[in-house]
Amino acid sequence: MGLFDRLRGARAPVAPAARIEPTVSGGPTGEDTPSGVQTPEAWLVTSYGRASSAGVRVNEGSALSLSAVMQALRVLTGVFAMTPLVYYRRTGNGGKERATESPRYTLFHDRPNGFQTPFAFKELLLADICLAGRFAGFISRDYRQDPTVLTRLDPRGLGVNFHFDRQTGIEPFYDATLPDGTRDRFSADQVWHIPGFTRDGLTGIDPITYMREVLGGALATTEYANRFWANDAKPNVVLTSPNKIPREAKQEIKADWEDRFAGAARAHGTAVLDQDLKPTFLSHDNEKAQHLETRIFQVSEVARALGVPPHLLFELSRSTNNNIEHQSLEFVIYHMMPHYTRVAEAATLAFAEPGCFYESYTAFCSSHPALMGRRPWCGGSAPAWRPGCPHRR
């Protein structure tokens, strides 16, 4: 039995329930099976990466090796995680109050599970959305069916299926692997699924797949720079001789030269050549090749792809005190607010009781006076919220 046959047997999706004839959602990249569960071939591509046109394999691990990607994720997930996700109850006259006595309040504000803080859980939540395009959590409930524990599931091993009924619409259900290794089929009230940017409403697109060329270029540039410095920042060398050298001898001479002189640790050694060999160094000008400019541009590309202002990635070549202030405000409004709204509305849909809802951005704005005085999304900068504004506290 071959490798792919063994993988197919180990990762075969659970058979559907007899009463359901599911219509399934296909993956947006064409690398998933119709049920959303990756084939063994696609699983290997996800794990080891697919080569970009620059010749570098790109996967989650290689993407995180880029300092710009790591910093962008630290900023996005950190800002998101430090903002409370609060459970509110609506009161008369359009007001609201915190429903602190409800276990739904405790779930996100105090204790999502037995080993993670709310900060760590929300940080992981947004990291999954940014890197895998989706988040999935198994919901544990008490005897009253109140949610008490959320356990993160591997988003890349989640199969998203649905049953369509003309009267009730789409009913999603999920094939997922639990942390203990068991795999089963779960209904929507057992799995909390938050898709990222999506083209079918059910599965979020995989950002690493769609950003493969951008990340591959940055990885190739980094690899080139490392190899250049490993060679003591010296150009390539050609050994020439007036005599004819057999092919086997050429290989031995090349291997001997690289063993003795290649790399920074072996630099500045004294070469003693025979067979009338003469070294010729090939010139290379990194400044003319715009190597530094290319690396700076790639930081901007990562910032653009992940929605983080360049100055937050310490790329300050075009930053001033004035535009940094406005970029910081725009970062919250146009980049963080969609994440707050996406997660809060997903939590409301999955957990909230009638007359209650989750919110996070008002808690963030309340703790940042600069945002309270400037609200471009409300059309003004008055000290009070504009009447009828959807972001009213």
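Definitions and cut-offs
- Residues numbered from 1 in each chain as written.
- Predicted model: local features only at pLDDT ≥ 70, side-chain atom pairs only at ≥ 80, totals over all residues.
- Heavy atoms only, no water.
- Helix = DSSP H or I, 4+ residues; strand = E, 2+ residues; numbered from the N terminus.
- Expected span 1.5 Å × (residues − 1).
- Buried < 20%, exposed > 50% of the residue type's maximum accessible area, 1.4 Å probe, protein only.
- Pairing = 2+ DSSP bridges.
- Axes fitted to C-alpha atoms, helices over the stretch in contact; angles between N-to-C directions.
- pLDDT = per-residue confidence, 0-100.
- Contact = heavy atoms within 4.5 Å.

Attention now goes to helix α4 (residues 67–81). When the terminal C-alpha atoms of α4 are compared, their 21 Å separation across 15 residues agrees well with the 21 Å that a helix rising 1.5 Å per residue should span. Of all 15 residues in α4, twelve are buried, a share of seventy percent or more. All of the buried residues in α4 are A68, V69, Q71, A72, L73, V75, L76, T77, G78, V79, F80 and A81.

Turning our eyes to something else, we now look at the sheet that holds strand β5 (residues 96–98). Read from one edge to the other, the open sheet built from three strands follows the order β5-β4-β14, with strand pairing classed as antiparallel. Unpaired on one side and paired on the other, β5 and β14 (356–359) mark the two borders of the sheet. Across this sheet, the average inter-strand angle for adjacent strands is 40 degrees, counted without regard to direction. Note that strand β4 (residues 86–90) and β5 share three bridges and pair antiparallel. Among the inter-strand pairings, R90 is bridged to a residue of β5, identified as K96.

The next subject is the confidence of the model for the protein chain. Confidence in the prediction of the protein chain, expressed as mean pLDDT, is 76, and 65% of residues score 70 or more. Here residues 3–37 is modelled with pLDDT under 50, and outside its nearest four sequence neighbours on either side it reaches 77 contacts, counting other chains as well. Of the regions scoring below 50 in pLDDT, residues 372–393 engages in 36 contacts with residues more than four places distant in sequence or in other chains.

On to helix α6 (residues 118–132). With 15 residues, α6 should cover 21 Å at 1.5 Å per step; its first-to-last C-alpha distance of 21 Å lies within 8% of that length. Most of α6 is tucked away, with eleven of its 15 residues classed as buried. Residues of α6 that are buried include every one of P118, F121, K122, L125, L126, A127, D128, I129, C130, L131 and A132, and no others. One or two steps after α6, the chain reaches G133, where phi turns positive at roughly 85 degrees.

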